[in-house]
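Observations on chain architecture
Listed below, chain by chain, are the residues.
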Amino acid sequence: MTIGGASSNVVVPRNFRLLEELERGEKGIGDGTVSYGMDDDGDDDIFMRSWTGTIIGPLNSVHEGRIYQLKLFCDKDYPDKPPTARFHSRINMACVNPDTGLVEGKKLHMLSDWQREYTMENILTQLKKEMAAPHNRKLLQPPEGTFF
């Protein structure tokens, strides 16, 4: 995220950027099928590294009505480098490692072509779109309520 005109760009520092994302996540996003916030386990996480995300599966897919939980981790290089995203809820998707739940950066275009302007909200929204994509929308899924 940058501020300023074409001739001068000011880069927003990491912690300010994360505070903006936290505020946006707390207000709710769009239709409410994607949400995120600080991880409850990270009460002493002054660097704002540990986050949780929730995606409600898209309509007209095997994911419809399912609630998927994710963990996001923003390393010290975020937002210059993408966070890691790992599903806590079991899911069968082409971009998710079937053994660990890790969203594989090479298989999700947004992560492999990361830009500083992208946010955790963008990642969650993109994952929801991936759930509805033809190659994922009908894949056999693990039983609901199972976790990695």
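You'll find the structure just up there.
Described below are features of the structure shown in this document. Keep in mind that what you see is a predicted model, and the values were worked out from it rather than measured.

**Overview of the packing of aromatic side chains**
Counted under the stated rule, the structure contains four aromatic pairs. Aromatic side chains Tyr78 and Trp114 sit 6.2 Å apart centroid to centroid with 45 degrees between the ring planes, which places their arrangement in the tilted category. Of this pair, Tyr78 sits in the loop between strand 5 (67-73) and strand 6 (84-87) while Trp114 sits in the loop between helix 2 (109-112) and helix 3 (120-132), and the two are 36 residues apart along the sequence. We note that Tyr78, like Trp114, is buried. Taking the centre distance of 5.5 Å and the plane angle of 80 degrees together, the rings of Trp114 and Tyr118 count as edge-to-face. Grouped by ring-pair contacts, the aromatic residues Tyr78, Trp114 and Tyr118 constitute a single cluster.

**Some details on the nonpolar core**
If you look at the biggest cluster of nonpolar residues, it comprises 29 residues, and the most contacted ones within it are Trp51, Phe87, Val103 and Leu127. Of all the secondary structure elements, the ones that give two or more residues to this core are helix 1 (14-27), strand 3 (34-38), strand 4 (50-56), strand 5, strand 6, helix 2 and helix 3. Looking at this core element by element, the count peaks at five residues for helix 3. Not counting residues up to four positions away in its chain, the partners in contact with Phe87 are Tyr68, Gln69, Leu70, Val96, Thr100, Gly101, Val103, Leu127, Met131 and Phe148.

**So, the pattern of salt bridges**
This structure, assessed with the given rule, holds nine salt bridges. Linking Asp45 and Arg49 is a salt bridge whose minimum nitrogen-to-oxygen distance equals 3.6 Å. Looking at Asp45, the relative accessible area reads 11%, which means it is buried.

**Topic: the environment of Gly65**
The residue Gly65 is located in the loop between strand 4 and strand 5 in this model. Assessed through its relative accessible area of 51%, Gly65 is described here as exposed. Sequence spacing of Gly65 and Ile46 is 19 residues, and the spatial spacing of their C-alpha atoms is 34 Å.

Thresholds applied
- Residues numbered from 1 in each chain as written.
- Predicted model: local features only at pLDDT ≥ 70, side-chain atom pairs only at ≥ 80, totals over all residues.
- Heavy atoms only, no water.
- Phe/Tyr/Trp six-rings, centres within 6.5 Å; stacked < 30°, edge-to-face > 60°.
- Helix = DSSP H or I, 4+ residues; strand = E, 2+ residues; numbered from the N terminus.
- Buried < 20%, exposed > 50% of the residue type's maximum accessible area, 1.4 Å probe, protein only.
- Core = buried A, V, L, I, M, F, W, Y, C linked by side-chain atoms within 4.5 Å.
- Contact = heavy atoms within 4.5 Å.
- Salt bridge = Lys/Arg side-chain N within 4 Å of Asp/Glu carboxyl O.

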